[in-house]
Amino acid sequence: MIRSILFSTTIAAGLLANAQNLNNITWNPATPDECDYVEMTLVGNFPGQNYQADNYTLTPVGFTITVDINCSGSGGGNPAPFSQAIPASGPYPAGTYAVIGRLFINGNQVDTWNGNKTVTASPDPDPGGYNETTVCNTDPNAQLISFLAGTPDPGGSWLDPNGVAIPNGTFEPGVSQPGFYTYEFNQNAPCIDTSQQVLITYEINTNAGSNGTQTVCVNAAPFNLFAALGGTPDAGGSWTYQGNGISSTFTPGTSAAGVYTYTVAGIAPCNDPTATVTVTVVQPANPGVGGSVAICETDTAFLLNSMLTGNPGQSGAWYDPNGFLMAGGWNAVVNALIDFQGNFEYRVTNAPCAPSVAVVSVSFTNAEPPCGTADCLGVPNGTAVPGSPCNDGNANTLWDEWTPNCDCVGSLIGIEEPEAAAALVLQPNPATDAITIESPEGLVIGYELVAIDGRTVRTETLQAHRVVVQRNGIAAGTYRITIRFADGRATRTVVFE
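Residue positions within a chain follow its written sequence, with the count starting from 1. Residue-level local features of this predicted model are given only where pLDDT is at least 70; pairs of side-chain atoms are given and counted only at 80 or more, and the full residue set underlies all totals for whole chains, interfaces and linings. As a rule here, side-chain values cover all heavy atoms of the structure and leave hydrogens and water aside.

### What to know about the overall build of the chain
A tally of regular secondary structure across the chain gives 1 helix and 36 strands. Its C-alpha atoms give the chain a radius of gyration of 40 Å, more than 25% over the compact-globule value 23 Å for 497 residues. Counting over 497 residues, the chain shows a buried share of 37%. Taking the contacts inside the chain whose residues are at least 6 apart along the sequence as the reference set, 58% of them involve residues at least 24 apart. Here the chain displays about 25700 Å² of accessible surface, and carbon together with sulfur accounts for 51% of that area. Averaging the coordinates of the 12 positive side-chain charges in the chain and doing the same for the 41 negative ones gives two points 13 Å apart. Per the convention used, a helix needs a DSSP run of H or I reaching at least four residues, while a strand needs a run of E reaching at least two, with both numbered from the N terminus. Radius of gyration here is computed from C-alpha atoms only, and the compact-globule reference equals 2.2 Å multiplied by the residue count raised to the power 0.38. Buried means the residue's accessible area, taken with a 1.4 Å probe over protein chains only, is under 20% of the maximum for its type, while exposed means over 50%, and partly exposed covers the values in between. Contact between two residues is taken to exist if any of their heavy atoms lie within 4.5 Å; hydrogens are not considered. Only the protein chains shown count as cover for residues, and the accessible areas themselves come from Shrake-Rupley with a 1.4 Å probe. Charged residues are defined here as Lys and Arg on the positive side and Asp and Glu on the negative side; His and the ends of the chain fall outside this count. Note on charges: their place is set at NZ of Lys, CZ of Arg, CG of Asp or CD of Glu.

Okay, structure coming up:
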């Protein structure tokens, strides 16, 4: 590399104290041909931190290319590297070029870089020879380039018979249309564009249609799989599921979700055409279980969802007794001063299923409680408030508590439990990290863990004789766990220390 440094008499002393240089000019592509545009990047060092590139110029004259980078700044600090790209230029005719880079700072040329670069000739690409071919709609996918005659070069682009680009160059029998497909190389001058065509036609064959999808609710009406196929399938074919013959009727809730295959007898030399329908079955949303409640006629913010049980989904909306949508979504409230009493509906939807509904019946009262300061026992400012513990006098219940209507209600234990519940073992209890449920006499299909204030802490659906309930952040305290069996449920008390 040949380097020359020029100084003006007014700034020479300042520049001598700092390092500034132009180290290289890189090209992309590194080995261009005469069809390529070239992106050049100037690499070097500023004499200090406070410099920037303002503009640049590129001047090609014959086989000499001069690139100037003009910078400005006040300096200061250590030398700072720079890498400055300039817009693409070219294409350049084939030959060897002298490349000159010049670095200007505040109008003064401070460094020169000299190098050379060779641009190679670019032979015209070979798009192959014209060809005509016939395919079956049952043939596997193929690269269009394989249909051309001769030895076409890779790297070209394909257009379908309508002139639409085919990014992957793939022909899909039974999906792609017949006609003339064009393979072309679009090049920059002085290189010339080249192209070739292939005519693709189809053998006569039957048609199974195109693949389809269908999403249905588990409680929807049965439907014919044939109607879910795309395209124009021929009638009279047969259906299979996982290799087994089936009817064309899909019955949600009974038929299995998955991929169903439709096959039509083909016409030689083609194979039998097939198409699939992928069926997804969706469960309705869970609105929970409603109830009834009497609220004080002066209550302005009764939270409706506080009356729902059964782990409802929270993406739904509430509707008042007149059928109008309420504000607040899941957290809608009743204002007894302006709302009507009656049935409030919580509707939640999991498309395509119809909305699922839970009803909370709300009435207004001036009784104590819920009005006034007396608790459920009539004690002013007493502690027997809804949600607090009580004693219903039944030895066969536990977790007795006051309801919003001031009824003392507990959960039954030991009666009407499935036989398998008698052999239940929960250990350790109390526990620090986890509680193991052993059920040797019956399969546990799920459980629900509820805090003393009525909050559902965790639910899980499973099928096992041995279940581990991990603590995983559950606060210390006493909890009620309801264990579900196929023929009933059992409730026990557990403690996390």
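### What to know about the pattern of salt bridges
When a carboxyl oxygen of Asp or Glu is within 4 Å of a side-chain nitrogen of Lys or Arg, the pair counts as a salt bridge. Within the structure shown, the criterion is met by 4 salt bridges. Salt-bridge contacts for Glu438 lead to Arg466; the nearest nitrogen and oxygen are separated by 3.0 Å. Pair noted here: Glu438 is in strand S31 (residues 434–438) and Arg466 is in strand S34 (residues 466–470), with a separation of 28 residues, a long-range link. What makes Arg466 exposed here is its relative accessible area of 51%.

### Description of the sheet that holds strand S32 (residues 444–451)
Two strands qualify as a pair provided that DSSP identifies no fewer than 2 bridges between them. Taken together, 4 strands build an open sheet; the order of strands is S33-S32-S35-S36 and the sheet is antiparallel. Since the sheet does not close on itself, it has two edges, and those belong to strand S33 (456–464) and strand S36 (488–496), each with one partner. Averaged over all adjacent pairs, the angle separating strand axes in this sheet is 20 degrees, with direction ignored. Note: S32 against S33, 6 bridges, orientation antiparallel. By the bridge assignment, Val444 is partnered in S33 with Ala464. Under this scheme, a helix contributes an axis fitted over its contacting stretch, all axes are lines through C-alpha atoms, and angles between N-to-C directions fall in the 0 to 180 degree range.

### A look at the side chain of Thr482
One can find Thr482 in strand S35 (residues 477–485). Engagement of the side chain of Thr482 in a polar contact is seen with the side chain of Thr491, the distance being 3.4 Å. For Thr482, the contacting residues outside a window of four places in its chain are Gly446, Tyr447, Glu448, Arg489, Ala490 and Thr491. Two N or O atoms form a polar contact when they lie within 3.5 Å of each other; inside protein one atom must be a possible hydrogen donor and the other a possible acceptor, and for residues adjacent in sequence the pair counts only when both atoms belong to side chains.

### Focus on the sheet that holds strand S11 (residues 157–159)
Here 4 strands make up an open sheet; going across it, the order is S9-S14-S13-S11 and the pairing mixed. Strand pairing shows two members of the sheet lacking a second neighbour, strand S9 (131–135) and S11, which therefore form its edges. Across this sheet, the average inter-strand angle for adjacent strands is 25 degrees, counted without regard to direction. Sheet topology note: the S11/strand S13 (residues 179–185) ladder contains 3 bridges and is antiparallel. Bridging across to S13, Leu159 finds its partner in Thr182.

### Quick word on the environment of Pro369
Of note, Pro369 is situated in the loop between strand S27 (356–365) and strand S28 (397–402). Considered as a pair, Pro369 and Tyr241 are 128 residues apart in the sequence and their alpha carbons are 61 Å apart.

### Notes on the side chain of Asp160
Within the secondary structure layout, Asp160 lies in the loop between S11 and strand S12 (170–171). Despite its burial, Asp160 pairs with no opposite charge, the nearest such side chain being Lys117 at 39 Å. There is a polar contact of 2.8 Å between the side chain of Asp160 and the backbone nitrogen of Asn162.

### Some thoughts on the state of the cysteines
Whenever a pair of cysteine sulfur atoms sits within 2.5 Å, that pair is classed as a disulfide. Within this structure, the stated rule accounts for 5 disulfides. Each sulfur of the disulfide joining Cys35 and Cys191 lies 1.5 Å from the other. Measuring handedness by torsion sign, the sulfur bridge of Cys35 and Cys191 sits at about -100 degrees and is left-handed. Taken as a pair, Cys35 in the loop between strand S2 (21–28) and strand S3 (39–46) and Cys191 in the loop between S13 and strand S14 (194–202) lie far apart in primary sequence, 156 residues in all. Each of the two residues, Cys35 as well as Cys191, counts as buried. In this model Cys390 forms its disulfide with Cys408; the gap between the sulfur atoms is 2.0 Å. Around the S-S axis, the bridge from Cys390 to Cys408 shows a dihedral of about 105 degrees and counts as right-handed. Of this pair, Cys390 sits in the loop between S27 and S28 while Cys408 is found in strand S29 (residues 408–412), placing the two residues 18 residues apart along the sequence.

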